[in-house]
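Reading the structure
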Amino acid sequence: MKNNSWELPVSLGFLVVCLAVGLLIGEISAPKPAIGVVRFADVLYPDSVNRLLQVVNAAMSDDRIAGVVLEIDSPGGYATSSESAFYSLLQLRKAKPLVVNIDGIAASGGYYMAVAANRIYAAPSSYIGNVGVRGPRPFDPYIDPMELSTGPFKLAGASRFDQIRQIELLKTAFVGNVVHQRSHAVLNPLKVDAAAVAEAKLYAGSEALGIGYIDAEGSRNDAVKAAGELAGVTDYDVVDLFDYFGFDFRIEYQEPVFSFEDVVTKVFAAAPASAIYFLDSRISLPNVTPRSTFEQHLLQLRAAAPLLRSPLLDLHSAKTQNQAATGKGD
Amino acid sequence: MLTFLRRFLIMVLGLILLALPLVVRDLGWRFNERNYTAPNVPELSFSATPAPTPTALALTNVALGADDELRRGPVVVDFAHFSFLNPANLQPLSDALADRGLGLRYWISTVDTMALESSAQFPDQSTDLAAQLKDASALVVISPFFLWTQQEIAVAERFVADGGRLLLVSDPDIMGDFPSLVNILAEPFGVVFHDDYLYDTVRNDGNFTFFFVENAPVQEDTVANPTGELADATIVFYGGRSISGNVATQMRSVDSALSSLRTGQSGFTTVAIGGVAGRGTAGRVLALSDFDVLTEAYRVRHDNQRMVDYVADFLSADQRIQTMPDFPNYLGKTVTLSYGARSAIDANLLAQGAQLQQRLEETGRTLTLSNGQALSSPPEAGDADASDLIYLADYTTTLTKTTLLADLGVTIITESVTVTIPVEVAPVDTVPTESSTESSTDSTPEDTEDTNTLRERSAVTATIVPTVTPTVTPAISDRLTTTEAEEDTASSEPLTVTASISTGVSITSTMPQTRVVITTYLETAEGLRFLADETVLVAQVERDNGSLLLAVLGADRRGIDAGVTRLLANDFSDCVIGPVMTFCSLPPAETPSRSSGGSESSQTDESTAGNTNSSKDTGGSSKPDTPPTERTGILLIDDNRAAGSSEQSEADLYLQALIGADHSVDLWSAGEQGTPTAEDMSAYAWVIWSNGGYADGKLSIEDMDLVFGYVRLGGRLTISSRFPLPGVEEPSTVRDMVIDTAIPELVDGLPDGSIPLDEEQTAANLTPLAADESGVQIALRRGPDSEDAEAPLLVVMNDAATTESGSRFMLVGIGLNGLPKTVSSVLIKNMATWMLAE
């Protein structure tokens, strides 16, 4: 018999290769599921929402991503952007579990995003709610001495009462969606009616739990665990979706945030005066009604007057001073 | 074979290793297993809310607004506290007010707010506010930005207490609205605005802040229950707050409306009537917690227009309580002006009437002039001519010609006080004089000093001693005569006039050391006394025919003028204002005025025949007790204080004759200017006191004291009166006169024989004056057809001595206008020649 000493190493090598290939095939065909985490810490405006949607769409099409945890820290923003985010997240939820963790604040549009989720977790000290619409006071149609237009509402867009009605429409949709989604929550469904939601109160996390605005108190880890449970996976990785997909952006405040007022003022500096917002009520609407120098002066006099203080005037005063600093409002 | 099997097994093993990881991951570890089931949440769809197209409301053809004959005061809107209010938003309310005969007036501040460094620097504007509210019907304050000061609030309170209406609005969606600030003004009226806003998420008009309000239920014991105007009205407030306080709720929010602040409550007051009874403001303040309901485009929704009408009705209701300072708002459309009992209106009165007319026309009223009968003969009630009357007169005329003072319960009291005046007497050589100063013939000069007593009012006993210094030859001893009071004197009280005259002895009589001071008072039914000379009385009386009488009364022309000035300026400061009578102060004049009307004379240098050329100052350079250095001109005093409306003035005859003779004459009207003072007379060479044309013309004791003071200082006086001397008043009829040749110069040119009067007169019998003819010269006597024939009519007591005084005293005991014109003219000229002779 001939001695084939080369067969053994070749055989071993073959087996190793098969194992390696098998592991590779296994990794590719049956990757370890992952729970993706995306953090949204910004106001809702087209740029921020577009980034979110990029991440959401990527997560939807990636089979490895078994579930998504959306971490929200947002006071809201444009009504249109808020609605866009909500409906996109609804689509995500159809495909994969979406769990929201409120890290700080989810007010108005920020909460609108949250109600698209399967579950909502929040720390007891978070601020949640403020379901409502904000916009400029309605005005009457006018004509501009420098323009000639066609149609009585070409310049104003609508009559005074149409403007009022449209704001109510937006509110109805917003409130309706919140009520609808939270009423169908499995863990902690909504316990108040639409009228109560329409009051637009801002609740602390523990209060929000009591009325069914959130499902449980917790943190990101709880949200990840919940996402895994919903996805039916017990062994999974937790990945940052921005890194996972190789995105070079984040959805965070560009600069250190001292107040949402600063952010809102900068972000919405170019917003039209007629813009509608789902925005935290504690933040002044930017550029709603530019104040004349005369009016600003009077408001400053009032702000400095002893005993004549009110939260509203303080807000206006701060806004006035901010506008004066940024050169807006004249 | 074995090799084949070995290789086969390796192949199989390799395949197994190839598939094993996948199997383990997929089937073992279930990495591909997804047990997620999306929640079965149905899609939510929102049907588009149809855009309601409101049915255009046809404008009703509203009839022309209230046909008020008089212009009503405007509604003042406060913009002076810089409300962030667009005036255009007031158009619907302005429209509704116009239908009710009221207009809007914007009170705009002149404060430069850009210059303010703090709100505390915002100034008080109460003076401006008072001017704005003087003729206003109502005041509207909407969400003021700056504080109302306490003075401004006081003005507003007085305005409301006077019947003005106040609308207070604190609207939470008006920039700068601050209820705590509005409450500074609201709380004195019992109104409190809460710092909340009301909302309704169940039933609203398109937004949760647009809540419905309903008529408040009727309650017992409330100041004012809801009017029926808003019952069943569907009204919406577009951003409002709740109201509380001592108010009567008119409208409240529906039960589903909640408060942002007042949790657990409902049915909030949103429209209320306030005011405090104790301050006279009850029911005159309307508090509203939303302004938008009154503006376009909200007022056309639901029944909001009824809210606009309700507010307009409130602001236009009621009438201001018109007190004296509110002239002429309490007068009707047609007003008549009457100047007492004067028969002629001079330029000054005409100018005054023009000012009154202009003032009345500013408020839609008309003024016409009337004669003096307007007060005594008012039109009957219901007469179309029953217009209101403005009556200007002095107290005396009012007392004698009307019953007004009696109707007001005011009487005129005159008190006389005899006081001792120490007078320095420059002794002359020779013999001290004695003069009787008492009614008793046993009186001695020393007794004069004992007559400093306070007499009973209206019953005066006084002794007047005119002092003259006759020129006599040293050989004749002085002789002083005293006259006793006539036993058959008609006066109830003895009154003695003593003339100390002697001839032939150079004497200096003792200056009289007593002076009678007469003070006139107005006394009300309550016993209040006012000095007539320092009081202007303005009375507002409703007459029997329903018209209003506004009387401005004073002691003299100056007082009347002061009263009219107050009316025109609405200045009744330092006046005590009552419901019917208002008493205003009139400080004593520093320098009495003089009249030079009616003659060509003036008070300045004037070169006329018969006059020494010198200027005459009103006050003269002389004190009452010091003779002036120089006297010029003639002062003709027309004592018309008791003149009847149809009686002719005798002074006109004097004036015509004297001017015709190129004399410089100043005319003084006692009825208008009051009694002249010694200073007024002291600068004149000749003073004529004339009331002979008036049947009731007399001189009072005070007048006598005055004129004799003038004579005492060397003046030349003529009293021309039917009753020239108090105490010598026995009347008898004069039908004719005859001349006497005692003073030929005086009767030169007059016919001899009986000179009949054109009209017989009743005059005092001056026979007592002629009892001692040694000091009296008679130029005219009663004729044979007169009673008491031969009694003196023109008596002269003169001093022809070369002493410095040069005084002359003439009494004319009839009214010269009873003489034929030619006779009186010649007589007057002769009088002038003789009296002015050096």
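First, a word on scope: everything that follows refers to the structure included in this document. No experiment lies behind these values; they were computed from the predicted model shown.

Residue and element names in this part refer to chain B. An order of S15-S14-S16-S23-S22-S25-S24 is seen for the seven strands of this open sheet, with the pairing classed as mixed. Unpaired on one side and paired on the other, strand S15 (366–370) and strand S24 (575–577) mark the two borders of the sheet. Within the sheet, the average angular offset between the axes of one strand and its neighbour, ignoring direction, is 15°. Both strand S22 (residues 535–542) and strand S23 (residues 548–554) contribute to a ladder of six bridges, which runs antiparallel. The partner of leucine 537 across the bridge, within S23, is leucine 553. Relative to S23, helix H12 (residues 557–569) is tilted by about 135°, and along the sheet it contacts strand S16 (388–394), S22, S23, S24 and strand S25 (581–585).

It is worth spelling out the packing of helix H3 (residues 79–95) of chain A against helix H5 (residues 160–183) of chain A at this point. Packed helices, taken two at a time, are described by their axes: the angle between them and the distance between them. Residues and elements named next belong to chain A. Their axes nearest at 12 Å, the elements H3 and H5 cross at an angle of 25°. Judged by the inter-axis angle, H3 sits roughly parallel to H5. In the packing of H3 onto H5, the handedness of the crossing is left-handed. On H5, the residues touching Glu83, Phe86, Tyr87, Leu90 and Arg93 of H3 are Leu170, Asn177 and Gln181. Each residue belonging to the contact of H3 with H5 can be placed in one class, and the counts come to four nonpolar, two polar and two charged.

Another point: the interface of chain A and chain B. Residue-level contacts link 67 residues of chain A with 59 residues of chain B. Of the roughly 5,300 Å² buried where chain A meets chain B, counting both sides, 66% is carbon and sulfur surface. Contact with chain B buries area across many residues of chain A, yet Phe161, Leu301 and Arg302 of chain A alone supply 12% of it, more than any other trio. The partner of arginine 137 of chain A in a salt bridge is aspartate 173 of chain B, with the nearest N and O atoms 3.7 Å apart. Applying the counting rule to chain A against chain B returns 19 residue pairs in polar contact (both at pLDDT 80 or more). Mapped onto the side of chain A that touches chain B, the elements with two or more residues apiece are helix H1 (7–29), H3, H5, helix H8 (220–231), helix H11 (293–304) and helix H12 (311–326) of chain A. Within the side of chain A that touches chain B, the residues separate by chemical class into 32 nonpolar, 16 polar and 19 charged.

Turning next to the state of the cysteines. Residue and element names in this part refer to chain B. Applying the stated rule across the entire model yields one disulfide over all chains. Covalent S-S linkage joins cysteine 575 and cysteine 584, the inter-sulfur distance amounting to 2.1 Å. The S-S bond linking cysteine 575 to cysteine 584 shows a torsion near 115°; that makes this disulfide right-handed. Residues cysteine 575 and cysteine 584 agree in their burial class; the two are buried.

Criteria and cut-off values
Residues numbered from 1 in each chain as written. Chains lettered and ligands numbered in written order. Predicted model: local features only at pLDDT ≥ 70, side-chain atom pairs only at ≥ 80, totals over all residues. Heavy atoms only, no water. Pairing = 2+ DSSP bridges. Helix = DSSP H or I, 4+ residues; strand = E, 2+ residues; numbered from the N terminus. Axes fitted to C-alpha atoms, helices over the stretch in contact; angles between N-to-C directions. Contact = heavy atoms within 4.5 Å. Parallel < 35°, antiparallel > 145°, perpendicular 65-115°, else oblique. Left-handed = near helix turned anticlockwise from the far one by under 90°. Nonpolar A, V, L, I, M, F, W, Y, C, P; charged D, E, K, R; others polar. Buried area = accessible area lost by both parts, 1.4 Å probe. Salt bridge = Lys/Arg side-chain N within 4 Å of Asp/Glu carboxyl O. Polar contact = N/O pair within 3.5 Å; in protein donor to acceptor, adjacent residues only side chain to side chain. Disulfide = S-S within 2.5 Å. Buried < 20%, exposed > 50% of the residue type's maximum accessible area, 1.4 Å probe, protein only.

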